[in-house]
Amino acid sequence: INLAVLLMFSSFFKLTPFLVMFIQQFTVLLVIIIIIVKLKPSFRSTRQWLIVMYKQNRTFGRDIYIGSLSGVASGYLNRLAIGYWINNTYVGFYSLALALVNPLQMIPGSVATTFFRDFSKQKKISRKVLATTIGVVIVSLLGSLILFNVFLNILYTEKYIEKNQ
């Protein structure tokens, strides 16, 4: 959604860092509001669940926190290295490429979540599910690679690329 909104705004307005950050936050907020309105969550037992979560966090929280923190930190090391050893222009290109390809990581995770009960009862994952998942990821990857050049030319014009190399 964010990329579509950014592309729409880029054709009408000059994109500034503030406008890009605003669009990012606005679209996240919009999605959260839509989810809350559609799901109509109940907060009656919130206190009970907060107590349970507090106890669980005291037991397991530190290990999970350290693991999560190290995963996020190592995920950003590549950007820091690119910025340090090459230049910041390539950090932008790399970040854009990651933003376009990161949704592909969700496909196998979604399949695993959907078929979790079936997988837990089987000795091995069926070839049909595996082949379908790999096929969808490959087709999505090819689509992303084709669209990447389109988005790159829209977001980073030739003048920008020449100026920053």
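All figures in this text were calculated on a predicted structure; none of them were measured in a lab.

A. Region of the structure containing the overall build of the protein. Across its full length, the protein carries 8 helices and 0 strands. Helices and strands appear in the protein in the N-to-C order α-α-α-α-α-α-α-α. Relative to its length of 165 residues, the protein is extended, with a C-alpha radius of gyration of 21 Å against a globular reference of 15 Å. The dimensions of the protein, computed from C-alpha atoms along their principal axes, are 55 × 45 × 35 Å. Per-residue burial over the protein gives 15% buried out of 165 residues. Residue pairs at least 24 apart in sequence account for 58% of intrachain contacts in the protein once pairs closer than 6 positions are excluded. Only carbon and sulfur atoms are counted for the fraction: they give 69% of the accessible area of the protein, which is about 13800 Å². Between the mean site of the 17 positive side-chain charges and the mean site of the 4 negative ones, the protein shows a separation of 17 Å.

B. Representation of the packing of helix α3 (residues 46-85) against helix α4 (residues 88-101). At a minimum axis distance of 7 Å, the contact between α3 and α4 shows a crossing angle of 150°. With respect to α4, the axis of α3 lies roughly antiparallel. Of the two elements, α3 crosses α4, and the hand of that crossing is right-handed. Facing α3, whose interface residues are Asn78, Arg79, Ile82 and Gly83, α4 presents Asn88, Tyr90, Val91, Tyr94, Ser95 and Leu98. Considered class by class, the residues forming the contact of α3 with α4 number 5 nonpolar, 4 polar and 1 charged.

C. Quick peek at the environment of Pro17. One can find Pro17 in helix α2 (residues 17-39). Accessibility expressed as a relative area gives 62% for Pro17, which makes it exposed. The sequence separation of Pro17 and Leu155 amounts to 138 residues, and the corresponding C-alpha distance is 13 Å.

D. Region of the structure containing the nonpolar core. Within the largest apolar cluster, 7 residues are counted, these being Leu7, Phe93, Leu96, Leu100, Phe148, Phe151 and Leu152. Among the secondary structure elements, those contributing two or more residues to this core are α4 and α7 (127-155). With sequence-adjacent residues up to four places away left out, Leu7 is seen in contact with Phe151, Ile154 and Leu155.

E. Layout of the confidence of the model for the protein. When the pLDDT values of the protein are averaged, the result is 80; 93% of them are 70 or greater. When pLDDT is averaged over each helix and strand of the protein, the minimum, 66, is found for helix α8 (residues 158-163) and the maximum, 86, for α2.

F. Main features of α3. Over its 40 residues, α3 runs only 49 Å from end to end, short of the ideal 58 Å by more than 12%, given 1.5 Å per residue. At Phe60, α3 is bent by approximately 65°, the largest bend along its length. Of all the positions in α3, only Gly61, Arg79 and Ile82 are classed as buried. Residues of α3 that are buried make contact with α4.

Calculation criteria
Residues numbered from 1 in each chain as written. Predicted model: local features only at pLDDT ≥ 70, side-chain atom pairs only at ≥ 80, totals over all residues. Heavy atoms only, no water. Helix = DSSP H or I, 4+ residues; strand = E, 2+ residues; numbered from the N terminus. Rg over C-alpha atoms; globule rule 2.2 N^0.38 Å. Buried < 20%, exposed > 50% of the residue type's maximum accessible area, 1.4 Å probe, protein only. Contact = heavy atoms within 4.5 Å. Areas by Shrake-Rupley, 256 points an atom, 1.4 Å probe, with all protein chains shown as cover. Lys, Arg positive; Asp, Glu negative; His and termini not counted. Charge placed at Lys NZ, Arg CZ, Asp CG, Glu CD. Axes fitted to C-alpha atoms, helices over the stretch in contact; angles between N-to-C directions. Parallel < 35°, antiparallel > 145°, perpendicular 65-115°, else oblique. Left-handed = near helix turned anticlockwise from the far one by under 90°. Nonpolar A, V, L, I, M, F, W, Y, C, P; charged D, E, K, R; others polar. Core = buried A, V, L, I, M, F, W, Y, C linked by side-chain atoms within 4.5 Å. pLDDT = per-residue confidence, 0-100. Expected span 1.5 Å × (residues − 1). Bend = angle between axes of the 7 residues up to and from the residue.

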